Amino acid sequence: MSDKIIIRVMNESDIPEALKLWRISFNAGFSTGFDTEESIERYLKRNPDLSTVAYTEDGQLVGALMCGHDGRRGSIYHTAVYPEYRGNSIGRRMEERSLSALRAIGITTGFLFISTKNPGSEEFWTTIGWEVIPTIKYLYKEF
Ligand SMILES: CC(C)(COP(=O)(O)OP(=O)(O)OC[C@H]1O[C@@H](n2cnc3c(N)ncnc32)[C@H](O)[C@@H]1OP(=O)(O)O)[C@@H](O)C(=O)NCCC(=O)NCCS
């Protein structure tokens, strides 16, 4: 199946379908108040060519991943694949495309956050080469 899946850069026109996927994909880590069409559009403009989507040949979005950087390190958010398409290397291929785009602009390290409320996500990331750093805590503030 994965051969017939097209992996490509995420454009602004992909945002509505990506939001539909993200809304059903996470038990935690996604907020419809924070992740609006406008905020994702701003993110894509600030991080051109880095985020990735997966499409079927007949034009259905089946996977999406947001990727950016802060000038030093890359970061990945909201990686998801529709349940019926999982286990076909779509997540892996989306990550590879985004990392290769980061590498092309000189960014060769990155981080991401996972929620313990999303089962399987740690296994997915560690299988494709990411390392959990147990001594780091994630701090958050609204201002
Ligand atoms: C996590 C997710 C994006 C993985 O997408 P996917 O396309 O099914 O992943 P892949 O097929 O590319 O898997 C790559 C590797 O990770 C492993 N993997 C993927 N999901 C796994 C799971 N739930 N448990 C254990 N291993 C898993 C696969 O076995 C595969 O290893 P292999 O190549 O040795 O067989 C998908 O399951 C998903 O959308 N989950 C819900 C949203 C979520 O939790 N996202 C992560 C947020 S941080």
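Here, the structure is the one placed above.
Note that the coordinates shown come from a computational prediction; the quantities given were computed from them, not determined experimentally.

## Comments concerning the overall build of the chain
Logical step 1: Of regular secondary structure, the chain possesses four helices and five strands.
Logical step 2: When the elements of the chain are put in sequence order from the N terminus, they spell out β-α-α-β-β-β-α-β-α.
Logical step 3: Taken over the C-alpha atoms alone, the chain extends approximately 45 × 35 × 30 Å along its principal axes.
Logical step 4: For the chain, the proportion of its 143 residues judged to be buried stands at 27%.
Logical step 5: For the chain, the proportion of contacts with a sequence separation of at least 24, taken over those separated by at least 6, is 62%.

## Here we look at the nonpolar core
Logical step 1: A18, A54, A64, L65, C67 and L102 are the most contacted members of the largest nonpolar core, which has 24 residues in total.
Logical step 2: At the level of secondary structure, the elements contributing two or more residues to this core comprise α1 (15-25), β2 (52-55), β3 (61-69), β4 (74-81) and α3 (90-104).
Logical step 3: Every residue in contact with C67, bar those within four places of it in the chain, is listed here: N47, L50, S51, T52, G74, I76, S98 and L102.

## Here we look at the sheet that holds strand β1 (residues 6-9)
Logical step 1: In space, the five strands of this open sheet follow the order β1-β2-β3-β4-β5, with mixed pairing throughout. Single-partner strands in this sheet number two, and they are β1 and β5 (110-112). Strand-to-strand twist of the sheet, defined as the mean angle between neighbouring strand axes without regard to direction, takes the value 25 degrees.
Logical step 2: Looking at chain direction, β3 and β4 are connected through six bridges and run antiparallel. Each bridged residue has a counterpart across the sheet, and for G63 the counterpart in β4 is V81.
Logical step 3: Along the sheet face, α3 touches β1, β2, β3, β4 and β5 and points at about 30 degrees away from the line of β3.

## A closer look at unusual backbone geometry
Logical step 1: The residue D49 is not glycine, and still its phi comes out positive at about 70 degrees.
Logical step 2: For S89, which is not a glycine, the phi torsion comes out positive at approximately 70 degrees.
Logical step 3: The residue S89 is located in the loop between β4 and α3 in this model.

## Concerning the pairing of β3
Logical step 1: For β3, the tally of buried residues reaches seven of nine residues, placing the bulk of the element in the interior.
Logical step 2: Examined bridge by bridge, β2 and β3 share four bridges and lie antiparallel to one another. Looking across to β3, one finds that V53 is bridged to A64.
Logical step 3: Hairpin connection between β2 and β3: a loop of five residues separates the two successive antiparallel strands, and G59 in this loop has a positive phi of roughly 90 degrees.
Logical step 4: Linking β3 back to β4 in an antiparallel pair, the connection comprises four residues, with G71 at a positive phi of about 100 degrees.

Here is what the cut-offs are and how they apply
For every chain, the first residue of its written sequence is number 1, and the numbers climb from 1 along that sequence. Where local features are concerned, this predicted model is filtered to residues with pLDDT of at least 70; where side-chain atom pairs are given and counted, the filter is 80 or more; whole-chain, interface and lining totals use all residues. Only DSSP runs of H or I covering at least 4 residues are called helices, and only runs of E covering at least 2 are called strands; the numbering of each starts at the N terminus. Comment: burial labels come from other C-beta atoms within 10 Å of the residue's own C-beta, placed from the backbone, where a count of 20 or more is buried, 12 or fewer is exposed, and between is partly exposed. Two residues form a contact once the distance between their C-beta atoms, set from the backbone, is within 7 Å. By definition, a nonpolar core groups buried Ala, Val, Leu, Ile, Met, Phe, Trp, Tyr and Cys residues that connect through C-beta atoms lying within 7 Å of each other. Paired strands, as defined in this entry, are two strands with at least two bridges between them according to DSSP. The axes are straight lines fitted to the C-alpha atoms, using for helices just the contacting stretch, and the angles between their N-to-C directions are given from 0 to 180°.

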